[in-house]
Amino acid sequence: MGFLTLDGLTKRYGEAAAVSDVSLGVAKGEFISLLGPSGCGKTTTLQMIAGLVEPSAGRITLDGRDITHEKPDRRGLGIVFQSYALFPHMTVAQNVSFGLEMRKVPRAERDTRVKQALALVQLAALADRYPRQLSGGQRQRVAVARALVIDPPVLLLDEPLSNLDAKLREEMQFELRGIQRRVGTTTIMVTHDQSEALSMSDRVVVMEQGRIMQVDAPYRLYESPATPFISTFVGKMNRLPGVWRQGGIEAGGRLLPCDGAGLAEGAAAVLAIRPEKIGLTAPGGGVIDGCIKARFFLGSAWFFTVETSAGLVGVSLPNAGAEPACEGEAVGLAWSSASAKAGRPEGVLSA
Ligand SMILES: Nc1ncnc2c1ncn2[C@@H]1O[C@H](COP(=O)(O)OP(=O)(O)O)[C@@H](O)[C@H]1O
Ligand SMILES: [Mg+2]
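How each quantity is defined
Residues numbered from 1 in each chain as written. Chains lettered and ligands numbered in written order. Predicted model: local features only at pLDDT ≥ 70, side-chain atom pairs only at ≥ 80, totals over all residues. Heavy atoms only, no water. Near = heavy atom within 4 Å. Polar contact = N/O pair within 3.5 Å; in protein donor to acceptor, adjacent residues only side chain to side chain. Nonpolar A, V, L, I, M, F, W, Y, C, P; charged D, E, K, R; others polar. Pairing = 2+ DSSP bridges. Helix = DSSP H or I, 4+ residues; strand = E, 2+ residues; numbered from the N terminus. Buried < 20%, exposed > 50% of the residue type's maximum accessible area, 1.4 Å probe, protein only. Axes fitted to C-alpha atoms, helices over the stretch in contact; angles between N-to-C directions. Parallel < 35°, antiparallel > 145°, perpendicular 65-115°, else oblique. Left-handed = near helix turned anticlockwise from the far one by under 90°. Contact = heavy atoms within 4.5 Å. Expected span 1.5 Å × (residues − 1).

Time to look at the site of ligand 1. Neighbouring ligand 1 are Y13, A18, P37, S38, G39, C40, G41, K42, T43 and T44. A distance of 2.8 Å separates an oxygen atom of ligand 1 from a polar side-chain atom of T43. The residue inventory of the shell around ligand 1, partitioned by class, reads 4 nonpolar, 5 polar and 1 charged.

Put into structure tokens, the structure is as follows:
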């Protein structure tokens, strides 16, 4: 039983189910992300929690109270959408104050709370500006202040950073998480960006076609993805098909070491390993040899694609300051058997 619980939550549009049987318990103060590809039902789930979309089935409870059919304003949740939707003719302070006026909070208290909310998002100095006089990041901080000023039991964020450019987006990820830590508001954020979900959340809920596929802490999700889809959607994953033999997978004429619990000798299997868990050696020095097909410089890392007899393998190495192997060079690939995992081709896979 969580502070906020979803129990068999379902939304159908005609024959099609946008959200199917979603059950989730969210603890007080937790930061949860709903992560998945476009169209998987994230926004619909969030809008059912907000009260903006009527569920076809299921139940929502908040702090023990059934709110499934309660009006949005009675729920009193804070909501920030992708488009900032600030009132253009109101100043920053007036925008933030609006929700308090609607709730008939007295003037003096309103002013104090608006000041506190603006201080929280570091915009106290810009209280008298209009939205058009702000940058995208500042506008989004106003939207967050406006959502938090009513002291909501739950903050709902729908792709709150997706209109920002890459650099600002990364800064705002840390900032938004910092704000959430300080005020301790239970938060549910929708995102299709796996790195955003991993870096900000206590737990990540992965959705696919309206259903929850996995709920886990970011590190566990990355290290133990429950399905092949999640293993490639969250981070990169090499998947090399072969046959399970004692101690590894036979592929491309080699025995590639990996952990293969539960597999029968001779069974068709797939070896899964993350690019950053593979090292480059001299030819003959690793578990399989290959030829560098392409090399990409990413600043903090180098990414290689290496042609091997077992298939094309992605390798990521941290940038250590010296230029590494070039395209066309023969190399060996090395990894420890603990960092690679084998599973049935269609089955549960992790690495
Ligand atoms: N009002 C609606 N009428 C019909 N279908 C809808 C409506 N809203 C959403 N859908 C469908 O429900 C599915 C989930 O949509 P949505 O929750 O917006 O996904 P996401 O936010 O993960 O991109 C999609 O297939 C979408 O087309
Ligand atoms: Mg959406």
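Our next topic: the pairing of strand β19 (residues 330-334). One ladder, built from 3 bridges, connects strand β15 (residues 279-281) with β19; its direction is antiparallel. By the bridge assignment for β19, L280 is matched with L333.

Once that is clear, we can look at unusual backbone geometry. The phi angle at D63 is positive, at roughly 50 degrees, despite the residue not being glycine. Here Q209, not a glycine, exhibits a phi torsion of approximately 50 degrees, which is positive. Summarising the element assignment, Q209 is placed in the loop between β9 (203-208) and β10 (211-216). Judged by relative accessible area, which is 67%, Q209 ranks as exposed.

Looking now at the packing of helix α5 (residues 136-148) against helix α6 (residues 166-183). Where α5 meets α6, the closest approach of the two axes is 11 Å, and the angle between their N-to-C directions is 20 degrees. The orientation of α5 relative to α6 falls into the category roughly parallel. Like other packed secondary-structure pairs, α5 and α6 cross with a definite hand, here right-handed. Between α5, through G137, Q140, R141, V144 and L148, and α6, the contact on the second element is made entirely by L168, M172, E175, L176, I179 and V183.

Attention shifts here to the side chain of S97. Counting through the fold element by element, S97 comes out in helix α3 (residues 92-102). Its relative accessible area of 7% is what places S97 among the buried residues. Beyond its immediate chain neighbours, meaning those up to four positions away, S97 contacts R110 and V114.

So, on to α6. Spanning 18 residues, α6 covers 26 Å between terminal C-alpha atoms, matching the ideal 26 Å at 1.5 Å per step. Where α6 is concerned, the buried positions are R169, M172, Q173, L176, R177, I179 and Q180. Against β3 (31-35), α4 (107-120), α5, β7 (154-158), β8 (186-191) and α7 (194-200) lie the buried residues of α6. After α6 finishes, the residue G184 shows a positive phi value of roughly 70 degrees.

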